[in-house]
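# Tertiary structure, described
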Amino acid sequence: LETNGVRIDPKRLEEFKQAYENRMKEIEEKLRQYPEVIQIEREKHELYKLRQLEMKKPKEERNPEILKYNKYKNFKFNFSSPHHLRELLFEKLGLDTPYLTAKGEEKKMLGQEITIQDLSTGSETLEYLKDKHPIAKYLAEWRRVEKLYGTYIKPAESWIGVDGRVHGTYSPTGTVTGRLASENPNMQNIPRKVNDPDSFEWKYGPKRMFVSRFGDQGIILQFDYSQLELRVAAIFSNDPALVQAYNEGKDVHRYVAS
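Below, the structure is looked at part by part. Nothing here was measured: the structure is a model prediction, and the numbers come from that model. (Residues numbered from 1 in each chain as written. Predicted model: local features only at pLDDT ≥ 70, side-chain atom pairs only at ≥ 80, totals over all residues. Heavy atoms only, no water.)

A few words on the sheet that holds strand 2 (residues 165–166). Here we have three strands laid out as an open sheet, ordered 2-1-5, and antiparallel in their pairing. The outermost strands of the open sheet, each flanked by one partner alone, are strand 2 and strand 5 (210–211). Here strand 1 (residues 6–8) pairs with strand 5 via two bridges, running antiparallel. Paired with Arg 7 across the strands is Val 211, a residue of strand 5. (Pairing = 2+ DSSP bridges. Helix = DSSP H or I, 4+ residues; strand = E, 2+ residues; numbered from the N terminus.)

The end-to-end C-alpha distance of helix 1 (residues 10–32), which contains 23 residues, comes to 33 Å, matching closely the 33 Å that a straight helix rising 1.5 Å per residue would cover. Inspection of helix 1 places Leu 13, Phe 16, Lys 17, Ala 19, Tyr 20, Arg 23, Met 24, Ile 27, Glu 28, Leu 31 and Arg 32 among the buried residues, and these make up the whole buried set. Those residues of helix 1 that are buried lie in contact with strand 1, helix 2 (35–54), helix 7 (134–153), helix 8 (156–159) and helix 9 (200–204). One side-chain oxygen at the N-terminal end of helix 1 lies 3.0 Å from the backbone nitrogen of Lys 11; it belongs to Asp 9. (Expected span 1.5 Å × (residues − 1). Buried < 20%, exposed > 50% of the residue type's maximum accessible area, 1.4 Å probe, protein only. Contact = heavy atoms within 4.5 Å. Polar contact = N/O pair within 3.5 Å; in protein donor to acceptor, adjacent residues only side chain to side chain.)

All right, on to the packing of helix 2 against helix 4 (residues 82–92) then. Direction vectors running N to C along helix 2 and helix 4 enclose 115°, while the axes themselves pass 10 Å from each other. In this structure, helix 2 meets helix 4 at a crossing whose hand is right-handed. Judged by residue contacts, Glu 36, Val 37, Gln 39, Ile 40, Glu 43 and Lys 44 of helix 2 engage Glu 87, Leu 88 and Lys 92 from helix 4. Taken together, the residues of the contact of helix 2 with helix 4 break down into three nonpolar, one polar and five charged. (Axes fitted to C-alpha atoms, helices over the stretch in contact; angles between N-to-C directions. Left-handed = near helix turned anticlockwise from the far one by under 90°. Nonpolar A, V, L, I, M, F, W, Y, C, P; charged D, E, K, R; others polar.)

Within the fold, Lys 92 resides in helix 4. In this structure Lys 92 comes out as partly exposed when scored by relative accessible area, which is 27%. In this structure, Lys 92 is in contact with Glu 36, Gln 39, Ile 40, Glu 43 and Glu 87, ignoring residues within four places of it in sequence. Within polar-contact distance, the side chain of Lys 92 engages the side chain of Glu 43 at 2.9 Å.

Here we come to the side chain of Asp 118. Note on placement: Asp 118 falls in the loop between helix 5 (102–109) and helix 6 (123–129). A polar contact of 2.8 Å, which involves the side chain of Asp 118, links it to the side chain of Lys 107. Of the polar contacts made by the side chain of Asp 118, one reaches the backbone nitrogen of Thr 115; its length is 2.9 Å. With residues near it in sequence (within four places) discarded, Asp 118 still touches Leu 100, Thr 101, Gly 104, Lys 107 and Glu 113.

One pass over the full model with this rule turns up nine aromatic pairs. The interplanar angle of 25° and the centroid separation of 6.3 Å between the aromatic rings of Tyr 20 and Tyr 149 together place this pair among those described as stacked. One end of the pair, Tyr 20, is in helix 1; the other, Tyr 149, is in helix 7, with 129 residues separating them in the sequence. Assigned by exposure class, Tyr 20 and Tyr 149 land together as buried. An aromatic cluster is built from Phe 16, Tyr 20, Tyr 149, Phe 200 and Tyr 204, whose rings are joined through pairwise contacts. Of note, Lys 44 hangs over the ring of Tyr 72, and the distance from its end group to the ring centre comes to 5.5 Å. Directly above the ring of Phe 75 sits Lys 44, whose terminal nitrogen or CZ lies 5.9 Å from the centroid. (Phe/Tyr/Trp six-rings, centres within 6.5 Å; stacked < 30°, edge-to-face > 60°. Lys NZ or Arg CZ within 6 Å of the ring centre and 35° of its normal.)

With that out of the way, let us pick up the pattern of salt bridges. Inspection of the entire model under this criterion finds 15 salt bridges. Arg 32 serves as the salt-bridge partner of Glu 41, at 2.9 Å between the closest nitrogen and oxygen. In terms of burial, Glu 41 and Arg 32 fall into one category: buried. Among the salt bridges present, the one from Lys 57 reaches Glu 54, with a minimum N-O distance of 3.2 Å. Among the residues examined, Glu 54 registers a relative accessible area of 4% and is labelled buried. (Salt bridge = Lys/Arg side-chain N within 4 Å of Asp/Glu carboxyl O.)

What follows concerns the environment of Arg 208. Examined against the element boundaries, Arg 208 turns out to sit in the loop between helix 9 and strand 5. Using a relative accessible area of 33% as the deciding quantity, one classes Arg 208 as partly exposed. Expressed as a C-alpha distance, the spacing of Arg 208 and Phe 16, which sit 192 residues apart in the sequence, is 9.3 Å. Not counting chain neighbours up to four residues away, the residues in contact with Arg 208 comprise Arg 12, Phe 16, Lys 193, Trp 202 and Lys 203.

Written as structure tokens, this is what we have:
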């Protein structure tokens, strides 16, 4: 696999890029229509205007706290920012979550006061909130699509070698457990196909970019080596009981346990 490489269909890659960019834009447009998002942006713009007025005062009379509002110049809500999401979800929408950040968990163990900054905005929180407010569903999808795009779709072109194939590096000694490891790119880490036909990833899952290097006449197979290490052990040890168990098609783990 490392030498021969795996082929990515360049036409499909371009189609995926466009589809992901369009989908992220669609979701973001829906999110930006929420009154709470509009309100946050307006408030930040007003703070920047306040800072502009403060700058007209003599230097010695300016309030240093108001001068910090310079950061709100051209403010636009960032849906990947935990800080912005906390303000939206927990302040403006009044939602709550049982999930805390690592620092929040530490404060909880020490019996210290938990603040909004200690609340998690991770996937577990969005899953928890999906039945409590529709915005959580859009945020979860936007984050999922944005991550897939940034991790697999956008950089995929740079993976392709001069022969038009991806040559991931495989290492049989890359893990403590003895499992095969892969990098540049990690060919074993590409997300599996989703089971929901209505989801965006059903049609545009990253694995769908890959095609057989033999063209239309080729296919891609998926194999799962069942109990590979124990089969190797049976061959090398020639243990009669273990060999017999395999020859008779027994469940070897149940057999050994018994």
